[in-house]
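# Structural characterization, general
Chain by chain, the residues run as shown.
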Amino acid sequence: GCNTGCCASCSASCSTGCNTGSCGWGTCGSGSCGTCGTCGACGSCGGWTCVVDIFNPCDAGFDTGPVVAPPKQFMRYKPFSMTASSVGFPFICQSRRVEKDCDSNFVDGYNAQEPNPVYREPMNAPRNSSILRCRGEEYSTEPHLGYAPQVQDGVPYYCVFVSADILVKMMEFEWIDDLTSDVFVASFIYFPNADAISLMRMNFLFADTGRILSETVIDTHSVLQESDRWTTYLILQCVFLALMGSRLCLVLVRCVRVKEKRKMTYDTFLTAALTVFGIIDFLIRTVSEDQTMTGLLSLVTQIISVEDPTSRETVEKVINGSFQTLSMINATVSQQEMMKIFAYVLVFMCLLRLIQYMEVHPRVDLIARTVKAASGDMFHFCLIFLLIFTGLAWLAHWSFGPDKIMFSSLRTSANTCFQMLIGEYPFEDEWTEGWKQKVWYVLYTFLLFLVSLNILLAIIVESFLRVKQETDSRQEVRSLFPDLFSLCTRRFLAFQHGWPSTLAVMKHLEVHRLDRGPVSVKELLLSNQVHFDNKEAALNFLKFYHWYLGPCILDAKGREYEASRDFVLSYMCDARCSNISNKDYAAFIHCVVHIQSVARRRRAYKTANRLRKQKQKQAERRQNVLKLRTNIMELRGSEDNVVRELGSWLGINTQVVDALLLMRAAGLGSGGTVDPVDSVGTQSTSLGEDPVSIRPPSLVLRSMERLEEFGDSKTAEV
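Residues numbered from 1 in each chain as written. Predicted model: local features only at pLDDT ≥ 70, side-chain atom pairs only at ≥ 80, totals over all residues. Heavy atoms only, no water.

## So, the overall build of the protein chain
- A count of helices and strands for the protein chain gives 20 helices and eleven strands.
- Classification of the 718 residues of the protein chain by burial places 30% in the buried group.
- Contacts in the protein chain between residues far apart in sequence, at least 24 positions, make up 61% of those at least 6 positions apart.
- Summed over its atoms, the accessible surface of the protein chain is roughly 49300 Å², and 60% of this surface lies on carbon and sulfur atoms. (Helix = DSSP H or I, 4+ residues; strand = E, 2+ residues; numbered from the N terminus. Buried < 20%, exposed > 50% of the residue type's maximum accessible area, 1.4 Å probe, protein only. Contact = heavy atoms within 4.5 Å. Areas by Shrake-Rupley, 256 points an atom, 1.4 Å probe, with all protein chains shown as cover.)

Listed below in structure tokens is the structure:
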């Protein structure tokens, strides 16, 4: 019989097996092997079923020829000098799809054409397969060129170790064909100085249109437990967990002490998330065992222990070991990538909290307040901007995608448009850009790069100026470093004088926020929220804030006093008199204060005299009002001369009084009775009013209205 791989039986006199994988006539001693069918793929040879190995996947690392004995002695004159070492051999893998019906009339007609006998060989031979094929959606698990696939993440892959010879054979026998879905080339690289292993992988995706999209992925993994940084990691992680645990316990204690329902705050959620992340990372690194380096050493051991590189079992064993190591590294890297994403989100949350902490000082909080002030305008701007951006990105993909790799998909087109926003225009040679692409460039530059970005900058700048103007208008706002110095000074003085805490002062101001008067020493001493030992401590407390903040915390009287004191001080500083020295400043201030007191007493004396005179005039008016009331009481039963005297005293013309008397004698006023006392007395409620301005009785008013009909303007005026 023949050895493994012979396509036909040998003669009975065959003493030596035929050549492995031979096709045609082979010799075996004095006999000969029979002929086989078409050389190439696995086919039938008479009643035998054979598998022809087109190439050996282990050709990259082993010599499939005759074994040569190693030398007895070898002197290496130069040591190994590598900063990185390749673990194993690079391997190339592909995933394949099953063949399906193309469901196309053109494909059916093209595949049905008959071969032309005038063509050269082998084009004139009859065909045993279709010329045009279509890929299905399902993955193929059938052997390809004699080798079965290896499953990774649910996808069957056909893998071969890479070498120069194997690449020639792959091209010759079309290892990659029209049913290939994607291809990746992977290699393990170890860095001894960093004690890290990297999986370098290049992915190639075969699109339905024939375009090949490439992607490079480098995943690096380091075993922390075996490095010198492991002790540092344990110390830092324990400190971090202690801080987060104490913070979380403090939050829980506050929740228990507060009886009413407490809401979940941002700080509580962030503290809980940081604690959970620290515990999970600590358990993963301390409890679980990292088997990455162990798997790599196992792979190296499998490769070194290969005895027969032509054996299919050996080839599949090495490929399986490479795939297991690849899967192990991918699982470890995926786990670390999930933790990295978790940490990535937590870092962003901490940055947001840090921005919120900036609200502690108005000068530092400009960024946060600017964003808040511009949030409304920015929201409406983003709606229009995203609409235009998406439309232009889709237009570029639809127009230039088949020809330009930078617009090949909607995602890459959006990425290219974003790069253009920051000035990275993908200009090419002029002859490669048509008029449609140039028009699109002009439209994009005008709408997004010039108009939209400048509008966004205008919104931000306007909000920043508004916020800065508001901050500058607040007189109590100081710079950051003086405020930090004042905090330290306040802590020291509070410890020295026994001042209350800042929180207690804030509660006091909150309780008395509706009081219109200024904060005084008496108010602080009588407050239930703050406690001062004596009056001097409260006075020093107010003096401290007046010293730091200045006159902006004073009321009108305080600012007036400050202005007068500044005037005196400026006068003293600007006097520059030779007879005034530094020691005379106190005496000078005493004299100025004495002069001011004399001026105030003089002004008070004049005010008292004026008030005394006003009281005398009010007394005289009161007497006149009493006299007027007495005369009015006697008006109804008096004689005509008394009425005339009353009219003259009131300043009424004598002719008018006579006319009124005639009207009274004629009975014009008998229609209603009028109480002159009530009519006049109701107008004299204030003793300071002039008696002349008192309204006359109703009878006089009605008589005057009748006199107006005669056209006497003088009478109407009276």
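## With respect to helix α7 (residues 366-400)
- Compared with the 51 Å implied by 1.5 Å per residue over 35 residues, the 44 Å span of α7 between its first and last C-alpha is markedly short.
- At Ser 375, α7 shows its largest bend, some 55°.
- For α7, the set of buried residues is Leu 366, Ala 368, Arg 369, Thr 370, Ala 374, Phe 381, Phe 385, Phe 389, Leu 392, Ala 393, Ala 396 and Phe 400. (Expected span 1.5 Å × (residues − 1). Bend = angle between axes of the 7 residues up to and from the residue.)

## As for the nonpolar core
- If you look at the biggest cluster of nonpolar residues, it comprises 26 residues, and the most contacted ones within it are Phe 91, Cys 93, Tyr 157, Phe 184, Phe 188 and Leu 296.
- Counting residues per element, the ones that place at least two in this core are β5 (85-100), β8 (155-161), β9 (180-191), β10 (196-206), α5 (292-304) and α6 (312-357).
- Ranked by the residues each element gives to this core, the list is headed by α6, at seven residues.
- If near-sequence neighbours (up to four positions away) are discounted, Phe 91 is found in contact with Val 160, Phe 161, Val 162, Phe 184, Val 185, Ala 186, Phe 188, Ser 322 and Leu 326. (Core = buried A, V, L, I, M, F, W, Y, C linked by side-chain atoms within 4.5 Å.)

## Topic: the packing of helix α10 (residues 480-497) against helix α13 (residues 535-549)
- α13 packs onto α10 with a crossing angle of 170° between their chain directions and a minimal axis gap of 12 Å. As summarised for this structure, α10 and α13 are arranged roughly antiparallel, according to the angle between their axes. Counted together, Pro 482, Asp 483, Ser 486, Thr 489, Arg 490, Leu 493 and His 497 of α10 and Ala 537, Asn 540, Phe 541, Phe 544, Tyr 545 and Tyr 548 of α13 form the full contact between these two elements. (Axes fitted to C-alpha atoms, helices over the stretch in contact; angles between N-to-C directions. Parallel < 35°, antiparallel > 145°, perpendicular 65-115°, else oblique.)

## Some thoughts on the side chain of Thr 370
- Looking at the secondary structure, you find Thr 370 in helix α7.
- Here Thr 370 falls in the buried class, since its relative accessible area comes to 7%.
- A distance of 2.5 Å separates a polar atom in the side chain of Thr 370 from the backbone oxygen of Leu 366.
- Each residue touching Thr 370, except ones within four places of it in the same chain, is listed here: Ile 460, Ser 463, Phe 464 and Val 467. (Polar contact = N/O pair within 3.5 Å; in protein donor to acceptor, adjacent residues only side chain to side chain.)

## A word on the state of the cysteines
- Per the counting criterion, the structure on display carries two disulfides.
- One disulfide bridge connects Cys 93 with Cys 159, the sulfur atoms lying 2.0 Å from each other. An S-S torsion of about 110° defines the bridge between Cys 93 and Cys 159 as right-handed. Of the two residues, Cys 93 sits in strand β5 while Cys 159 sits in strand β8, which places them 66 residues apart along the sequence. For the pair Cys 93 and Cys 159, one class covers both residues: buried. (Disulfide = S-S within 2.5 Å.)

## Quick word on the pattern of salt bridges
- Summed over all chains, the structure comprises eleven salt bridges.
- Measuring nitrogen to oxygen at the nearest pair gives 2.6 Å for the salt bridge that ties Asp 178 to Arg 133. Separated by 45 residues along the polypeptide, Asp 178 in the loop between α2 (164-172) and β9 and Arg 133 in the loop between α1 (105-111) and β6 (134-139) bring together distant segments of the chain.
- Two residues, Glu 476 and Arg 474, come together in a salt bridge whose shortest N-O distance is 3.1 Å. (Salt bridge = Lys/Arg side-chain N within 4 Å of Asp/Glu carboxyl O.)

## Re the packing of α7 against helix α8 (residues 410-421)
- Direction vectors running N to C along α7 and α8 enclose 120°, while the axes themselves pass 9 Å from each other. The angle between α7 and α8 places the two elements in the oblique class. Handedness of the crossing formed by α7 with α8: right-handed. Of the residues in α8, those touching α7 at Phe 385, Phe 389, Ala 393, Trp 394, Ala 396 and His 397 are Leu 410, Ser 413, Ala 414, Cys 417, Phe 418 and Leu 421.
- The residue makeup of the contact of α7 with α8, split by class, is ten nonpolar, two polar and no charged. (Left-handed = near helix turned anticlockwise from the far one by under 90°. Nonpolar A, V, L, I, M, F, W, Y, C, P; charged D, E, K, R; others polar.)

## Observations regarding the pairing of strand β11 (residues 212-222)
- Two elements, β10 and β11, share eleven bridges in a ladder whose sense is antiparallel. Bridging across to β11, Leu 199 finds its partner in Asp 219.
- Linking β10 back to β11 in an antiparallel pair, the connection comprises five residues, with Gly 210 at a positive phi of about 95°. (Pairing = 2+ DSSP bridges.)

## Remarks on a negative patch on the surface
- On the surface, Glu 99, Asp 101, Asp 103 and Asp 108 cluster together to form a negatively charged patch.
- The topology assignment puts Asp 101 in the loop between β5 and α1. (Patch = residues over 30% accessible without salt bridge, like charges linked within 9 Å, V, L, I, M, F, W, Y side chains within 5 Å. Lys, Arg positive; Asp, Glu negative; His and termini not counted. Charge placed at Lys NZ, Arg CZ, Asp CG, Glu CD.)

## Side note on the side chain of Arg 96
- Summarising the element assignment, Arg 96 is placed in strand β5.
- Given a relative accessible area of 6%, Arg 96 falls into the buried group.
- A polar contact is formed between the side chain of Arg 96 and the side chain of Asp 177, at a distance of 2.7 Å.
- Beyond its immediate sequence surroundings of up to four residues, Arg 96 is in contact with Glu 138, Tyr 139, Ser 140, His 144, Tyr 158, Trp 175, Asp 177, Leu 179, Thr 180 and Ser 181.

## A closer look at unusual backbone geometry
- If you check the backbone angles, Asp 103 has positive phi at about 55° while not being a glycine.
- With phi around 55°, Glu 174 is a residue other than glycine that occupies positive phi space.
- Within the fold, Glu 174 resides in the loop between α2 and β9.
- Relative accessible area serves as the criterion here: at 54%, Glu 174 is assigned to the exposed category.

## A few points about the confidence of the model for the protein chain
- Here the protein chain shows a mean pLDDT of 75. Residues at 70 or above account for 73%.
- Low confidence marks residues 577-583, where pLDDT is under 50. Its contacts with residues over four positions away, or in another chain, come to two contacts.
- Below a pLDDT of 50 lies the segment residues 669-696, which in the model reaches 41 contacts outside its immediate sequence neighbourhood of four places, other chains included. (pLDDT = per-residue confidence, 0-100.)

## A closer look at the environment of Met 349
- Here Met 349 lies in helix α6.
- Sequence separation between Met 349 and Leu 270 is 79 residues; the distance between their C-alpha atoms is 7.3 Å.
- What Met 349 contacts, discounting residues up to four positions off in sequence, is Tyr 266, Phe 269 and Leu 270.

## Thoughts on the packing of aromatic side chains
- Scanning the model with the defined rule gives 25 aromatic pairs in all.
- A centroid spacing of 5.7 Å and a plane angle of 25° characterise the contact between Phe 381 and Phe 385, whose relative ring orientation is stacked. Note that Phe 381 and Phe 385 are positioned in helix α7 at a spacing of four residues, about one turn of the helix. Here Phe 381 and Phe 385 have matching classes, each one buried.
- One aromatic cluster in this structure is built from Phe 400, Phe 407, Tyr 425, Trp 440, Tyr 441, Tyr 444 and Phe 449.
- Above the plane of the ring of Phe 184 lies Arg 201, whose end atom (NZ or CZ) is 3.9 Å from the centre.
- Over the face of the ring belonging to Tyr 233 we find Arg 285, whose NZ or CZ atom lies 5.6 Å from the ring centre. (Phe/Tyr/Trp six-rings, centres within 6.5 Å; stacked < 30°, edge-to-face > 60°. Lys NZ or Arg CZ within 6 Å of the ring centre and 35° of its normal.)

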